[in-house]
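Geometric and topological summary
What follows is the residue order along each chain.
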Amino acid sequence: MMLRSRALVLASLTLFACSAGDDPADTGSNSGITSASAATDASSTGASTGSAATTDVPTTGGDTTTTTTGDDPTTTTSGTTDDTTGTTGPICDPGQVGCVCDGDTCADGLACEDGVCVPELACDGDLGEPDDTEPNAQDLGEIDDDDDNVVTADGVLGGAGDVDWYTYHGLDTFGHVAEPTVKVTSSAAVRVCQFIECDEGGAVGTEITCPDGTQTALSGGLRPGCCGGATFTVSDFNCSGSSDDIRVYVRIDKPSQDECVEYGLVAHN
Ligand SMILES: [Ca+2]
Ligand SMILES: [Ca+2]
Ligand SMILES: [Ca+2]
């Protein structure tokens, strides 16, 4: 269609050129006619193209418009609504109630559960503990590796979001074996982890093979460790240095019930 009309226009233009060339005097009238026919051609071309286009456009346009008008605004509206709901993000400050945790922590009175800050359970014996993180672990002192020497702690997990950290320094003495051991009794099942860092060699120079029934773990402070149930012993560890003096971190969390869970911890090295 287009090609043919373009050919027509070209043909008439050629005619025009020829006639113009043949008789310069007649240029005016001839050109008038020719240009008229050219114009007609052009207009017919335009018309046909136009009508073709117009026929196409309304269909496409109408369809698109109808669909667009019908669906898009709704989608846009719902999208906007979603966005607005989603934009609760900026209004919801990390660490505040119902908002994402600020890292791993939440504001006072809130606990980080599954990445969201929820009101912390108020449990007797669990008020204002600053022991939710590894650096804030409650220091239980120092013991040697005589199993008769223990460190103990009594605590409460304030629901599923509470984490309690403890730490002690364990000495490696002659005649005894260093073997960090935890025994936890609790009103509901809890997860207990022991992380170890050798005095010599640091966390990087600490090798641990976790006992059966426990899982290998790495603390936020990049200390290697094992997580398991209430009672287990890490007897297979090695420090890159000559001494097996160690710092042990004990973490108690993930109670099986989202309630106040009382526990008692006894640890020896
Ligand atoms: Ca021991
Ligand atoms: Ca606690
Ligand atoms: Ca805690």
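See the structure printed just above.
What you see is a predicted model; the values in this text were computed from it and never measured. (Residues numbered from 1 in each chain as written. Chains lettered and ligands numbered in written order. Predicted model: local features only at pLDDT ≥ 70, side-chain atom pairs only at ≥ 80, totals over all residues.)

In most cases, non-glycine residues show a negative phi, while peptide bonds are predominantly trans. With phi around 65 degrees, Leu222 is a residue other than glycine that occupies positive phi space. With respect to the secondary-structure elements, Leu222 resides in the loop between β9 (215-218) and β10 (224-228). Given 12 C-beta atoms within 10 Å, Leu222 falls into the exposed group. The phi torsion at Lys254 lies on the positive side, around 50 degrees, for a residue other than glycine. Checked against the element boundaries, Lys254 lands in the loop between β13 (246-253) and β14 (260-268). We classify Lys254 as partly exposed; it has 17 C-beta atoms within 10 Å. (Helix = DSSP H or I, 4+ residues; strand = E, 2+ residues; numbered from the N terminus. Buried ≥ 20, exposed ≤ 12 C-beta atoms within 10 Å, placed from the backbone.)

Moving on: the environment of Cys99. Counting through the fold element by element, Cys99 comes out in the loop between α3 (88-91) and β1 (110-113). Here Cys99 falls in the partly exposed class, since 19 other C-beta atoms lie within 10 Å of it. Linking Cys99 and Val118, residues 19 residues apart in sequence, is a C-alpha distance of 8.2 Å. Those residues in contact with Cys99 that lie beyond four places of it in its chain are Cys92, Asp93, Pro94 and Cys117. (Contact = placed C-beta atoms within 7 Å.)

By size, the foremost hydrophobic cluster in this structure holds 30 residues, and its most contacted members are Val250, Ile252 and Leu265. Of all the elements in the fold, those that place two or more residues in this core are β4 (150-158), β5 (164-170), β6 (181-186), β7 (191-198), β12 (236-239), β13 and β14. Look past the residues within four positions of Val250 in its chain and what remains in contact with it is Tyr166, Val182, Val192, Gln194, Leu265 and Ala267. Listed in part, the six residues of the second largest apolar core include Cys101, Cys106, Ala111 and Cys117. (Core = buried A, V, L, I, M, F, W, Y, C linked by C-beta atoms within 7 Å.)

Now for the sheet that holds strand β11 (residues 231-233). Strand pairing in a sheet takes place through backbone hydrogen bonds and is either antiparallel or parallel in direction. As summarised here, the arrangement of the four strands in space is β4-β14-β6-β11, forming an open sheet in which the pairing is antiparallel. Every other strand in the sheet has two partners, leaving β4 and β11 as the edge strands with one partner each. Direction aside, the axes of adjacent strands within the sheet are offset by 15 degrees on average. (Pairing = 2+ DSSP bridges. Axes fitted to C-alpha atoms, helices over the stretch in contact; angles between N-to-C directions.)

On the secondary structure map, Asp146 appears in the loop between β3 (138-143) and β4. Asp146 sits in the partly exposed class, given 14 other C-beta atoms within 10 Å. Here the alpha-carbon distance between Asp146 and Val177, two residues 31 residues apart in the chain, equals 7.4 Å.

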